[in-house]
Amino acid sequence: MLNAALIAGHFPLGIALSGGSDSTALLVLAVDAFGCSNVQAVTIDHGLRREAALEAQAAADLCAALGVRHDTVTLTLKDGSSLQARARDARYDALCEWALSRQIGAIALGHTRDDVAETFLMRLARGSGVDGLAQMPERFERLGTCFLRPLLQTSRCDLQAVLKTRGIAWSTDPSNKDPRFARVQMREA
């Protein structure tokens with residue numbers, strides 16, 4: 001499930017922990033593979049939903065139970081056009097600042113095989129050329145921070161099964177079902 005070889009040598013490892021099933025399973029698998037002393041987590045609250053603060057607290061509580069250092073970074077975004085793109089940019093900027101402040105070796109993201117398929121369909125629908133249809137990379141840099149995607153070969157269902165087996169709950173962001181957003185439309189397709 002977890003591509004541990006991709007992570008090797010990037011310690012301490014940061015986990016971008018939204019509280020959803022993918023990132024929650026990533027946290028649990030990383031702690032299993034590398035121990036809690038090699039893992040730190042951060043939750044980004046975009047300030048767009050009241051429930052997000054409760055979800056961030058649930059993520060912090062899970063980290064405390066696992067013995068993992070956790071931080072919550074709160075952003076202030078306004079609703080409006082290109083919301084998901086603006087939120088993504090602000091989230092990556094905040095993750096980079098956090099990594100720098102904590103001397104994090106790399107940040108692992110919980111993107112799965114399902115995300116690869118959704119992204120491919122979104123790019124295809126936009127008329128991307130061959131280069132634009134390439135799979136999301138396992139590793140990339142932004143603002144000097146290394147980002148890793150160690151779950152690209154794993155399905156969301158498999159990750160949820162891991163969490164169910166261990167009795168670990170996860171949050172569900174209602175925007176993941178909002179048909180206004182292109183990714184949701186592709187997920188439904």
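Definitions and cut-offs
Residues numbered from 1 in each chain as written. Predicted model: local features only at pLDDT ≥ 70, side-chain atom pairs only at ≥ 80, totals over all residues. Heavy atoms only, no water. Pairing = 2+ DSSP bridges. Helix = DSSP H or I, 4+ residues; strand = E, 2+ residues; numbered from the N terminus. Axes fitted to C-alpha atoms, helices over the stretch in contact; angles between N-to-C directions. Contact = heavy atoms within 4.5 Å. Phe/Tyr/Trp six-rings, centres within 6.5 Å; stacked < 30°, edge-to-face > 60°. Buried < 20%, exposed > 50% of the residue type's maximum accessible area, 1.4 Å probe, protein only. Parallel < 35°, antiparallel > 145°, perpendicular 65-115°, else oblique. Left-handed = near helix turned anticlockwise from the far one by under 90°. Nonpolar A, V, L, I, M, F, W, Y, C, P; charged D, E, K, R; others polar.

Reading across from one edge, S3-S2-S1-S4-S6-S5 is the order of the 6 strands in this open sheet, with mixed pairing throughout. Each having just a single partner strand, strand S3 (69–74) and strand S5 (139–142) make up the two edges of the open sheet. Strand after strand, the sheet turns through a mean of 30° between neighbouring axes, direction not considered. Taken together, the 4 bridges between strand S1 (residues 13–16) and strand S2 (residues 39–45) define a ladder with parallel strand orientation. Along S2, the bridge assignment pairs Gly14 with Gln40. Along the sheet face, helix H4 (residues 83–102) touches S1, S2, S3, strand S4 (106–108), S5 and strand S6 (145–148) and points at about 145° away from the line of S2.

Here we come to the packing of aromatic side chains. With the rule as written, the count across this model stands at 4 aromatic pairs. Note on Tyr92 and Phe140: the rings are 5.9 Å apart at their centroids and 75° apart in plane angle, and the pair reads as edge-to-face. One end of the pair, Tyr92, is in helix H4; the other, Phe140, is in strand S5, with 48 residues separating them in the sequence. Here the aromatic cluster, defined as three or more aromatic residues joined through ring pairs, consists of Tyr92, Phe140 and Phe147.

Examined against the element boundaries, Gln40 turns out to sit in strand S2. In this structure Gln40 comes out as buried when scored by relative accessible area, which is 11%. Ignoring any residue separated from it by four or fewer positions in sequence, one finds Gln40 in contact with Pro12, Leu13, Gly14, Ile15, Val68, Arg69, Trp98, Arg102 and Ile104.

Attention now moves to the packing of helix H2 (residues 21–34) against helix H3 (residues 51–66). Their axes nearest at 11 Å, the elements H2 and H3 cross at an angle of 10°. With respect to each other, H2 and H3 are oriented roughly parallel. Along this stretch, H2 crosses H3, giving a crossing that reads as right-handed. On the side of H2, the interface is formed by Thr24, Leu27 and Val28, while H3 contributes Leu62, Cys63 and Leu66. When grouped by side-chain class, the residues that make up the contact of H2 with H3 number 5 nonpolar, 1 polar and no charged.

So, to be careful, I would describe these as geometric facts and stop short of saying anything about function.
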